[in-house]
Amino acid sequence: MQIIDGNEIYSYIVSGAKNVIVNETNLNRINVFPVPDGDTGTNLSLTMNSILSQAQRRPQASVTMKSIADVAVDHAYGNSGVIFAQYLHGLSQSVGQRENLTSKEFVESLKTSAQYAFKSVANPKEGTILTVMREWATHLESHIEEDFAPLVEHSLSALKGAVQHTKDQLKVLRDHNVVDAGAMAFYYFVEGIAKFLKTRTLDNQEYTAAVLEEVAEIYASSDVGDYRYCTQYLVQTKNNPDALREKLGNYGDSLVIGSTDDHLNVHLHTNAPHEVMKLLLNEGPVTSHKVDDMYMQAHLIHEPVSKMVIVTDSIADLPQEFVDRHQIVVIPMNIIIDSVVYMDKVTMKQSDFYEHMDDYTLNPTSSMATQTTIERTFRQLLQHYDHILGIFVSSKMSGTYANLLRIVEPMRTEGKRIEILDSKVNSIAEGLLVHEAAILKDQGVPFEEIVKTIREKVEKARIYVSVKDLKYMLKGGRVSKTTGFILSKLKLQPVISIDPQGKGEIFAKSLTQKSALKSILKTIKNDLKKQGIDKYALVY
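Note that the structure is predicted; figures quoted are calculated from it, not measured. Within every chain, residues take consecutive numbers counted from 1 along the sequence as written. Restriction of local features to residues with pLDDT of at least 70 applies here, the model being predicted, together with a cutoff of 80 or more for giving and counting side-chain atom pairs; totals for whole chains, interfaces and linings are based on all residues. Processing note: side-chain calculations cover all non-hydrogen atoms of the structure and skip hydrogens and water entirely.

A short note on the overall build of the protein
Worth spelling out the cut-off: Strands are runs of DSSP state E lasting at least 2 residues, helices are runs of H or I lasting at least 4, and numbering of each runs from the N terminus. For a compact globule the rule gives 2.2 Å times the number of residues to the power 0.38, and the radius of gyration it is set against comes from C-alpha atoms. Throughout this description, buried means an accessible area under 20% of the type-specific maximum (1.4 Å probe, protein chains only), exposed means over 50%, and partly exposed covers the range between.
Summing up its helical and strand segments, the protein has 22 helices and 16 strands in all. Here the C-alpha atoms of the protein give a radius of gyration of 26 Å, agreeing with the 24 Å that 2.2 N^0.38 yields for 540 residues. With the C-alpha coordinates aligned to their principal axes, the bounding extent of the protein is approximately 85 × 50 × 40 Å. Across the 540 residues that make up the protein, the buried fraction comes to 53%.

Printed below as a string of structure tokens:
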């Protein structure tokens, strides 16, 4: 009788994870449910990579499975990722405190895993990853053998049949003649387990993607339904997830709640990620969260306006209508308020920020997007675009530019061009550079010429800001205490600008805000006379 211990379980999960990861692109290509945003493969790949890098292998089955499950729940991405994480959590719960299991006991635990996954979804549907999880466990239970290896090998054909059947169970899959991407991912996962049981090795060379011709190419609609954003929140709480489901019911759909002993991983499609954030903060600390713009993802994949895409950050202050029309990818900066991290303009709206500015205990600060966010964004874009132009906030004001250069360097491949530019400005001045690039792109100007033009425009971009109250600039360190003290004592109103190197500077000082505005207008008139002004924008 085979005994399955922690080392063996670790190898099963890792082998399955590796087989999912190599099929990332295949899974993205067939992703139409619940929305056609083309990221199921990427989300599951990120989830699985977290397990590979952080889960601990131990001899005891209980310790190994708890480590795997905790990492999965804490680092799950997307609808399928959260469901998969809850599947692993269910396996951990079923293993309990046991150090090892027989094949029969392990199969019983896999059945419990499928039940946990089902319970995590507010409105479970047949024809998805949930169905094939249950069908696999049922097949294993009805064909139980003492040795786990032949049992898994023999189950693959039945599992593949269950995956193929998903296209008959969901209309959207039938319409596109494609199987469910999450269900296909689960097949790849089990296939990975079978590979290990056959070879007894976790060598990366053993894992290769399915031949692309075997995966149907689909041309899905860019209609993502009633809700624009795919959101996830990791909440530190021991509150009942069932009660939370009721509270979140009116905020959107595709609700999935994964759980551990002290965390909930909430997945929801919604139009109000900032309102969901407020609600969840009442449940407990939100230790991390992510928000994907499904509308933009679907249009970038299924209705691209060009083989070139422009990427910028939320500091650029671009109107949403312009962003949508020109398919500009905006990476939100992080805003830290009273030890809570928010996504700029997404889970923290400007109106809320300014309304409560004087109520915050600690001075709000900002930080660049995480490496995972940047990697995920560029990986998805490189699957569909030949040219990527990034225009980002001044490198003298943020580490975003330097961080991007470092992160995207390993992503450069033959036939793909990535250019990351330092705007040397911020706010709407940065936005005007993005605007110029978008117009040139729409005119069909070659990529190299667009890059050259924007580099030249960077040297000419200017921004002038009339500051009514220095209090917040002093708190944020944008103005030195000495300078702030002098300006305050003399009751001077500064005009803030950015020097040619991209560093903030006090451009002018006036006695009143009215005279500060006059100073700005005088400078603009001089610029207009000397060299002309191509474009301008006003932010207030």
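Side note on the environment of Asp-261
Definition in use: Throughout, a contact is declared for two residues whenever any of their heavy atoms are within 4.5 Å.
Here Asp-261 lies in the loop between strand E4 (252-259) and strand E5 (263-270). For Asp-261, a relative accessible area of 55% translates into the label exposed. Between the C-alpha atoms of Asp-261 and Asn-239, which are 22 residues apart in sequence, the distance is 10.0 Å. The contacts of Asp-261, once residues within four sequence positions are left out, are Lys-66 and Lys-238.

Considerations on the side chain of Arg-228
The line we're drawing: Polar contact is defined as a pair of N or O atoms within 3.5 Å, subject to the rule that within protein one atom must be able to donate a hydrogen and the other to accept it, and that residues adjacent in sequence are counted only when both atoms are side-chain atoms.
Inspection of the secondary structure puts Arg-228 in the loop between helix H10 (181-199) and strand E3 (229-236). Of note is the side chain of Arg-228, whose polar atom sits 2.6 Å from the side chain of Asp-324. Those residues in contact with Arg-228 that sit more than four places away from it in its chain are Thr-270, Asn-271, Asp-292, Asp-293, Met-294, Tyr-295, Gln-320 and Asp-324.

Side note on the sheet that holds strand E14 (residues 465-466)
Filter applied, for reference: Here, strands pair whenever DSSP counts at least two bridges between them.
Spatial strand order, E14-E15-E16: three strands in an open sheet with antiparallel pairing. The open sheet is flanked by E14 and strand E16 (504-510), the only strands paired with a single partner. Here two bridges tie E14 to strand E15 (residues 493-498), and the two strands are oriented antiparallel to one another. Considered in E15, the bridge of Val-465 is made with Ile-496.

Digging into the environment of Lys-460
Among the secondary structure elements, Lys-460 is positioned in the loop between helix H19 (447-458) and E14. Judged by relative accessible area, Lys-460 falls into the exposed class, the value being 62%. Between the C-alpha atom of Lys-460 and that of Gly-41, which follows or precedes it by 419 residues, the distance is 42 Å.

Looking at the nonpolar core
In plain terms, the rule: Residues grouped as a nonpolar core are buried Ala, Val, Leu, Ile, Met, Phe, Trp, Tyr and Cys residues, joined through side-chain atoms within 4.5 Å.
Within the largest apolar cluster, 70 residues are counted, with the highest numbers of intra-cluster contacts made by Phe-148 and Phe-186. Only helix H1 (6-21), helix H3 (40-54), helix H4 (61-74), helix H5 (78-95), helix H6 (103-120), helix H7 (129-142), helix H8 (148-169) and H10 provide two or more residues apiece to this core. A per-element tally of this core places H10 first, with 13 residues. Setting aside residues up to four positions removed in sequence, Phe-186 forms contacts with Phe-84, Tyr-87, Ile-129, Val-132, Met-133, Trp-136 and Leu-159. Membership of the second largest hydrophobic core comes to 46 residues, among which are Met-308, Val-311, Leu-318 and Val-323.

Structural notes on the environment of Met-308
Of note, Met-308 is situated in strand E7 (residues 308-313). Taking C-alpha positions, Met-308 is 38 Å from Leu-264, a pair spaced 44 residues apart along the chain. The residues touching Met-308, leaving out its near neighbours within four places in the chain, are Tyr-385, His-387, Leu-389, Lys-441, Phe-447 and Ile-450.

Overview of the packing of H4 against H5
The description of two packed helices rests on the angle between their axes and on the distance between the axes. Let me state the cut-off plainly: Interaxial angle, 0 to 180 degrees, is taken between N-to-C directions of lines fitted to C-alpha atoms, where a helix line uses only the stretch in contact. Orientation categories follow fixed angle ranges, with anything under 35 degrees roughly parallel, anything over 145 roughly antiparallel, 65 to 115 roughly perpendicular, and all other angles oblique. What makes a crossing left-handed is the near helix being turned counterclockwise from the far one by less than a right angle; a clockwise turn instead makes it right-handed.
Running from N to C, H4 and H5 point in directions that differ by 155°, and their axes come no closer than 8 Å. With respect to each other, H4 and H5 are oriented roughly antiparallel. Both H4 and H5 take part in a crossing whose hand is left-handed. Residues Ala-61, Ser-62, Met-65, Lys-66, Ile-68, Ala-69, Ala-72 and Val-73 of H4 form the contact with H5, whose participating residues are Ala-85, Gln-86, Leu-88, His-89, Leu-91, Ser-92 and Val-95.

Thoughts on the packing of aromatic side chains
Note the threshold: Pairing of aromatic rings covers Phe, Tyr and Trp, the last through its six-membered ring, and needs centres within 6.5 Å; plane angles under 30 degrees mean stacked, over 60 mean edge-to-face, and all others mean tilted. Sitting over a ring, as applied to charges here, requires NZ of Lys or CZ of Arg to be within 6 Å of the ring centre and within 35 degrees of the ring normal.
Within this structure, the stated rule accounts for 14 aromatic pairs. An aromatic cluster of at least three residues, connected via ring pairs, comprises Phe-84, Tyr-87, Trp-136, Phe-186 and Phe-189. Over the face of the ring belonging to Tyr-385 we find Lys-307, whose NZ or CZ atom lies 5.9 Å from the ring centre.

Observations regarding unusual backbone geometry
Between Phe-33 and the following residue, Pro-34, the backbone shows a cis peptide bond with an omega angle of 0°. Along the polypeptide, Pro-34 turns up in the loop between helix H2 (24-29) and H3. A positive phi angle, close to 70°, is found at Ser-339, a residue other than glycine. Among the structural elements, Ser-339 can be located in the loop between strand E9 (334-337) and strand E10 (340-343). Despite not being glycine, Lys-424 shows a phi value in the positive range, around 60°. Within the secondary structure layout, Lys-424 lies in the loop between strand E13 (417-422) and helix H18 (427-442). Taking relative accessible area as the criterion, Lys-424 reaches 25% and is therefore assigned partly exposed.

Quick look at the sheet that holds E10
Each strand in a sheet pairs with its neighbour through backbone hydrogen bonds, running either in the same direction (parallel) or in the opposite one (antiparallel). With antiparallel pairing, three strands are arranged side by side in an open sheet as E10-E9-E11. With partners counted over all chains shown, the strands left at the sheet margins are E10 and strand E11 (365-367), one partner each. Adjacent strand axes in the sheet meet at a mean angle of 35°, parallel and antiparallel pairs treated alike. Across three bridges, E9 lies against E11 in antiparallel orientation.

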